[in-house]
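The chain contents come next:
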Amino acid sequence: MKRIFSNREIVLGVTGSIAAYKACEIASRLTEYGANVTPVLTKSACELVGSATFEAICGRAAITHMFAPLQNPDVEHIAVAQRAHLYLIAPATANFIARATHGIADDWLTTTLLATRAPILIAPAMNTNMYEHPATQENMQTLRRRGVYFVGPDSGRLACKTIGPGRLIDPMKIVEACVPLVSERHDLKNVRIVMTSGGTHEPIDPVRYIGNRSSGKMGRALALEAIARGASVTVVTGPSEVAMPEGALAIPVETAAQMAEAVVNLAQDADVFIGAAAVADYRVETPSNSKKKKSGKKLDLTLVENPDVLGLVGAVKRAKQILVGFAAETDDLLANAALKLKKKQLDLIIANEVNTDVSGFGKDTSKAALIGRDGKVDDLPLLTKEEVAERIMDRVVALIHAA
Ligand SMILES: Cc1cc2nc3c(=O)[nH]c(=O)nc-3n(C[C@H](O)[C@H](O)[C@H](O)COP(=O)(O)O)c2cc1C
């Protein structure tokens, strides 16, 4: 996230929604990731939240008035709009959406919305009836048609005690939705990536399963990096500690058999397939329909082999399709990974050390080597999973160009 947001200029427009306080969290995340955030509060927003909070979080003066005296012309008014890499309005009221649709320029935010050429991302927040009103729906359609992006809203319990759509989507999802819009690299534009992530759960009975320690962190990092670089990303994800990023189409599955079925259908249309999931090699032959009780005796489980997800994709690999696999090994890592690369017709394999304190399942860092079908080996130092994902996508881009 830090590399993507670092030094990007973001105008954060906060409007008069009850969810305005959640914009503090958005400002905080963006600032933490290195973005330069200019907070802009409408008159109504100032009734609900204080500009001083945003100034303290962002380290910048908040813009609250159209006709405030200029302190520094470089950082105020039109200069801010022209320098912006992104206009993010979160939360956006029904009133703001209506004003933006009709080009009404009656405060700083709506005036400079007409002046900026930066992408615009809107996160609506309002009462369900206001959201579902034809006026709001048609306004949003008009804005979409003009190229404005939307994220959310969520559905749930609203401040007005109704339940339905209109709730501001989770601040972290809003930050993730900014990623492809502020990113400077677009070398995966129009590339369709299908990937697997997480682990699998193989049922023993209705309450127990055989699983593994995969957290999904590497899969999430890969999906985020691919989205940032312009790819369309579909992730078939087994049980995972982390959510897939906003912008990825996540298809949840539980078992290896379900993962194989989903992947076989989706991979046919993919330019790149990445098998990052830790798929169980075996499943219980006949899981019990009722909870197994202690019997005072040994319990025997017969395990049968699961379908080989990567092997299935490799078997129907199209010309120019790129296949990427992972090898998580405890012994003879490079030799085993090179063998897997050949056997499964892969173009690239990531050999992961999994038995150390700093690398492997659940960790934020990884010690990996990237081995190409041409024999080229990048033995990476210990890196964060985000950094490893960047190196993997660099190799994927090179493979696409070479295909
Ligand atoms: C306590 C309170 C909460 C409000 N929450 C919302 C809201 O979540 N969404 C919305 O569209 N309007 C909401 N409104 C109404 C807006 O503040 C009102 O339409 C205002 O004109 C919006 O101005 P702005 O779009 O310039 O910020 C709320 C009003 C009050 C008093």
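Everything discussed here concerns the structure shown above.
Trainee: Teacher, can you tell me more about the sheet that holds strand E8 (residues 192-197) here?
Mentor: Backbone hydrogen bonds are what pair the strands of a sheet, in a parallel or an antiparallel way. What the eight strands build is an open sheet, ordered E12-E11-E8-E13-E16-E17-E19-E20; its pairing is mixed. The open sheet has two edge strands, strand E12 (249-252) and strand E20 (377-379), and neither has a second partner. This sheet shows a mean twist of 15 degrees between the axes of neighbouring strands, independent of strand direction. Relative to strand E16 (residues 322-329), strand E13 (residues 272-275) is paired through four bridges, and the arrangement is parallel. Of the residues in E16, the one forming a bridge with Gly275 is Gly325. Of the strands in this sheet, E8, strand E11 (232-237), E12 and E13 touch helix H12 (residues 256-267), which is tilted by about 160 degrees from E11. Here helix H15 (residues 385-402) sits on the sheet in contact with E13, E16, strand E17 (348-353), strand E19 (368-372) and E20, set at roughly 5 degrees to E19.

Trainee: Help me out: how do you make sense of the sheet that holds strand E5 (residues 149-150) in this one?
Mentor: One open sheet holds the five strands; their spatial order is E2-E1-E3-E4-E5, and the pairing between them is parallel. Only two strands of the sheet have a single partner each, and these edge strands are strand E2 (36-41) and E5. Sheet analysis places strand E3 (residues 86-92) next to strand E4 (residues 120-124), joined by four bridges and oriented parallel. Across the sheet, the residue bridging to Ile89 is Ile122, located in E4. Packing against the sheet, helix H2 (residues 22-32) makes contact with strand E1 (9-14), E2 and E3, and its axis sits at approximately 175 degrees to E1.

Trainee: Help me out: how do you make sense of helix H11 (residues 217-228) in this one?
Mentor: The terminal C-alpha atoms of H11 lie 16 Å apart, and with twelve residues this matches the ideal 16 Å at 1.5 Å per residue to within 8%. Counting buried positions along H11 yields twelve of twelve residues, so the element is predominantly enclosed.

Trainee: Just checking my understanding: could you explain the site of the ligand for this structure?
Mentor: Among the 15 residues in the neighbourhood of the ligand, the closest are listed as Thr15, Gly16, Ser17, Ser44 and Thr93. Every element with two or more residues in the shell around the ligand is listed here: helix H3 (43-48) and helix H6 (94-101). Per element, the largest residue contribution to the shell around the ligand is three residues, and it comes from H6. Taken together, the residues of the shell around the ligand break down into eight nonpolar, seven polar and no charged.

Trainee: Even after reading the chapter, I still don't get the pairing of E2, so can you show me in this structure?
Mentor: In the case of a regular strand, side chains alternate between the two sheet surfaces. Counted residue by residue, E2 has six buried out of six residues, so it is predominantly covered. The side-chain alternation of E2 yields two buried faces, one formed by Asn36, Thr38 and Val40 and the other by Val37, Pro39 and Leu41. Alignment of E1 against E2, held across six bridges, turns out to be parallel. Looking at the pairing, Ile10 lines up with Val37 of E2.

Trainee: Help me understand the environment of Val264, please; the structure alone is not making it clear to me.
Mentor: Residue placement: Val264 occurs in helix H12. Separated by 46 residues in sequence, Val264 and Leu310 place their C-alpha atoms 9.5 Å apart.

Trainee: Would you explain the packing of H2 against helix H10 (residues 171-182) in this entry?
Mentor: Helix packing geometry: the angle between the two helix axes and the distance between the axes. One way to put it is that H2 packs onto H10 with a least axis distance of 9 Å and a crossing angle of 45 degrees. When the interaxial angle is binned, H2 and H10 end up oblique. When the axes of H2 and H10 are compared, the crossing they make is right-handed. The segment H2 lies against H10, with Lys22, Glu25, Ile26, Arg29 and Leu30 engaging Pro171, Met172, Ile174 and Val175. When its residues are assigned to classes, the contact of H2 with H10 shows six nonpolar, no polar and three charged.

So, how was this worked out
Residues numbered from 1 in each chain as written. Predicted model: local features only at pLDDT ≥ 70, side-chain atom pairs only at ≥ 80, totals over all residues. Pairing = 2+ DSSP bridges. Helix = DSSP H or I, 4+ residues; strand = E, 2+ residues; numbered from the N terminus. Axes fitted to C-alpha atoms, helices over the stretch in contact; angles between N-to-C directions. Contact = placed C-beta atoms within 7 Å. Expected span 1.5 Å × (residues − 1). Buried ≥ 20, exposed ≤ 12 C-beta atoms within 10 Å, placed from the backbone. Near = placed C-beta within 6 Å. Nonpolar A, V, L, I, M, F, W, Y, C, P; charged D, E, K, R; others polar. Parallel < 35°, antiparallel > 145°, perpendicular 65-115°, else oblique. Left-handed = near helix turned anticlockwise from the far one by under 90°.

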